[in-house]
Amino acid sequence: MLDPAELDAADPLTFAKARFQLPDGVIYLDGNSLGALPSSTTDRLRLTSEREWGENLIASWITAGWIDWPRQIAERIAPLVGASPDELLVCDSTSINLFKLAMAACALRPERKIILSEAGNFPTDLYMLQSVADLAGLTLRAVPRAELRSALDETVALVALTQVDYRSGERHDMAGLNSAAHGAGALTLWDLSHGAGVLAVDLSRSGADFAVGCGYKYLNGGPGAPAFLFVRRDLQGCCANPLPGWFGHSSPFDFDANYRPAAGIGRFQTGTPSILAMAALDEGLKSFDGVAIADVEAKAGRLGDLFIESVGDCLSLASPMDASIRGGHVVFGHDHAYAIVQAAIERGVIGDFRAPNLARFGFAPLYLSYSDVARAGAIVRDVVLSGVWREARFAERKAVT
Ligand SMILES: Cc1ncc(COP(=O)(O)O)c(C=O)c1O
């Protein structure tokens, strides 16, 4: 049995919890969906709005450096995902970035007609890949996870996958799949939404070609935060942005009627960055200052193990038992998962429900202690065994993202 007090005493990340503001009486196990509010974000938003925007007005593009933020904020993400700063850019949403990079990647393999993905991929990924396929005259093949490798052949242009499954929490072997895809002559595009900020992702060492990821989950950038994109350095010069806006032009302020892409990663910008949202993301990323991402991954695994152990056998685990192939969340299957999650929320444990029957709980290592998670597991167990979830009010479904 894991001892939460002993684990807390040995935790190298305890200092980070004070960087966040969470309501009293709440154990927040949904940071995999929307990260918690960093304590410094409201002051940062006040600074950017009152001083930079309110007083300095348009000069702030230069004086506050707004113009450089898409590249500068990406520098904070680089050590979390194992990339060089010049391979990353903060812009747009995950969906839009996925579209841009999938189009760019497929154009590099014009003779190949298949985009390969997984049938259980996150819906927005499948919608975007289908649209790319339609626009580029390709076919999207979304196969079960177990068939991915056998589906790789000389017809596949791009393998586009989500590193950590949003439902089961199961991780793909990124390095193995990159190598298999390259062996078949295909390129790879990874959605890191459920990995960035909780796992020690290593885009460069694993040999990834392209990647995108979310700013509002483990990166704590706030609701609707800008996303990020990654393009391997040696591919940048031969890739075209299919949404070529003026911010991706080599000289946007020449107002040139002809598009000339910026050198390097900058060409993947499209329009004007959302500066207030960028400020919040920058502040959210500061919560990783002085933090080793390997410690974050190790703690996420142990928090998940502890929760599984605390919930015990009253719910059936639908995530891998082995933390080394899990991301930062775990799910349990139950016919009444929705009602159980609602009843747990009423008792201060915030998780979420994923259709059709999953209760999902995420473990953001920067603001959760082992004691929090053991307590949350005991509360969920009590909710299930007491049968409180059978009360009619918990059965009513509300739309919550
Ligand atoms: C795997 C994955 N990709 C993408 C998204 C969302 O992308 P967007 O930033 O476009 O809303 C999510 C949201 O939960 C997700 O889980």
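Residues numbered from 1 in each chain as written. Predicted model: local features only at pLDDT ≥ 70, side-chain atom pairs only at ≥ 80, totals over all residues. Heavy atoms only, no water.

Okay, the side chain of His-172 next. Structurally, the position occupied by His-172 is in the loop between strand E7 (156-162) and helix H7 (174-183). Filtering out sequence-adjacent residues up to four positions away, His-172 remains in contact with Glu-118, Arg-145, Leu-148, Leu-161, Thr-162, Gln-163, Leu-177 and Trp-190. (Helix = DSSP H or I, 4+ residues; strand = E, 2+ residues; numbered from the N terminus. Contact = heavy atoms within 4.5 Å.)

Right, let's talk about the pairing of strand E15 (residues 358-362) for a bit. Extensive coverage of E15 is indicated by the burial of five of its five residues. Burial of the side chains of E15 extends over both faces: Leu-358, Arg-360 and Gly-362 are buried on one face and Ala-359 and Phe-361 on the other. Pairing between strand E12 (residues 329-333) and E15: five bridges, direction antiparallel. Considered in E15, the bridge of Phe-332 is made with Ala-359. Pairing geometry for strand E14 (residues 352-354) and E15, over three bridges, is antiparallel. Bridge pairing in E15 places Arg-354 opposite Leu-358. Linking E14 back to E15 in an antiparallel pair, the connection comprises three residues. (Buried < 20%, exposed > 50% of the residue type's maximum accessible area, 1.4 Å probe, protein only. Pairing = 2+ DSSP bridges.)

The next thing to look at is the site of the ligand. Taken together, the neighbourhood of the ligand is formed by Ser-93, Thr-94, Ser-95, Phe-122, Thr-124, Asp-125, Thr-162, Asp-191, Ser-193, His-194, Tyr-216 and Lys-217. Thr-94 places a side-chain nitrogen or oxygen 3.0 Å from an oxygen atom of the ligand. Between the ligand and the protein, one listed contact pairs a nitrogen atom with a side-chain N or O atom of Asp-125 at 3.5 Å. For the ligand, the accessible surface in isolation is 400 Å², of which the surrounding protein chains cover 85%. Only helix H5 (94-107) and helix H6 (123-136) provide two or more residues apiece to the shell around the ligand. (Near = heavy atom within 4 Å. Polar contact = N/O pair within 3.5 Å; in protein donor to acceptor, adjacent residues only side chain to side chain. Areas by Shrake-Rupley, 256 points an atom, 1.4 Å probe, with all protein chains shown as cover.)

Our focus in this paragraph is the nonpolar core. Ranked by internal contacts, the top residues of the largest apolar core, which has 92 residues, are Leu-29, Val-81, Leu-192, Leu-203 and Phe-307. When residues of this core are assigned to their parent elements, the largest contribution, eight residues, is made by helix H11 (residues 293-311). The two domains that each donate at least three residues to this core are domain 1 (4-39 + 292-394) and domain 2 (43-286). Filtering out sequence-adjacent residues up to four positions away, Leu-192 remains in contact with Val-81, Gln-163, Met-174, Val-201, Leu-203, Ala-211, Val-212, Gly-213 and Phe-228. (Core = buried A, V, L, I, M, F, W, Y, C linked by side-chain atoms within 4.5 Å. Domains from an automatic or database assignment.)

In this section: the domain arrangement of the protein chain. Under the domain assignment used here, the protein chain contains domain 1 (4-39 + 292-394) and domain 2 (43-286). Between the C-alpha centres of domain 1 and domain 2 the distance comes to 28 Å. On the domain 1 side of the interface with domain 2, the three residues burying the most area are Ile-293, Glu-297 and His-329, jointly 26% of the side's total. Inspection of the region where domain 1 meets domain 2 yields one salt bridge. Put simply, Glu-297 and Arg-171 hold a salt bridge, and the shortest N to O gap is 3.3 Å. Linking domain 1 with domain 2 are 17 residue pairs in polar contact (both at pLDDT 80 or more), by the criterion used here. Every element with two or more residues in the side of domain 1 that touches domain 2 is listed here: H11, E12 and E15. (Buried area = accessible area lost by both parts, 1.4 Å probe. Salt bridge = Lys/Arg side-chain N within 4 Å of Asp/Glu carboxyl O.)

Right, let's get into the sheet that holds strand E6 (residues 139-143). Here seven strands make up an open sheet; going across it, the order is E4-E10-E9-E8-E7-E5-E6 and the pairing mixed. Two strands in the sheet have a free side with no partner beyond their single neighbour: strand E4 (88-91) and E6. Neighbour-to-neighbour, the strand axes of the sheet open up by a mean angle of 20 degrees, direction not taken into account. The pairing of strand E8 (residues 187-191) with strand E9 (residues 210-213) spans three bridges and is parallel. Looking at the pairing, Asp-191 lines up with Val-212 of E9. (Axes fitted to C-alpha atoms, helices over the stretch in contact; angles between N-to-C directions.)

Right, let's get into the environment of Glu-391. Tracing the sequence through the fold places Glu-391 in the segment after helix H13 (370-386). Of the residues examined, Glu-391 reaches a relative accessible area of 35% and is grouped as partly exposed. Engagement of the side chain of Glu-391 in a polar contact is seen with the side chain of Arg-393, the distance being 2.7 Å.

On to the sheet that holds strand E11 (residues 316-317), then. Taken in spatial order, the four strands make up an open sheet running E11-E12-E15-E14, and their pairing is antiparallel. Only two strands of the sheet have a single partner each, and these edge strands are E11 and E14. Of the pairings in the sheet, the one linking E11 to E12 comprises two bridges and is antiparallel in character. Across the sheet, the residue bridging to Leu-317 is Phe-332, located in E12. The sheet contacts of helix H12 (residues 337-346) involve E14 and E15, and relative to E14 the element is tilted by about 170 degrees.

The next point concerns H5. For H5, built from 14 residues, the straight-helix expectation of 20 Å at 1.5 Å per residue is met to within 8% by its first-to-last C-alpha distance of 20 Å. In terms of burial, H5 is largely enclosed, as 11 of its 14 residues are buried. Taken residue by residue, H5 has Thr-94, Ser-95, Asn-97, Leu-98, Phe-99, Lys-100, Leu-101, Ala-102, Ala-104, Ala-105 and Cys-106 as its buried positions. (Expected span 1.5 Å × (residues − 1).)

This part is about the packing of aromatic side chains. Summed over the entire model, instances satisfying the criterion amount to 14 aromatic pairs. Note on Phe-253 and Phe-255: the rings are 5.9 Å apart at their centroids and 85 degrees apart in plane angle, and the pair reads as edge-to-face. A relative accessible area of 61% places Phe-255 in the exposed class. With 6.0 Å between their ring centres and 55 degrees between their planes, Phe-307 and Phe-332 make a pair best called tilted. (Phe/Tyr/Trp six-rings, centres within 6.5 Å; stacked < 30°, edge-to-face > 60°.)

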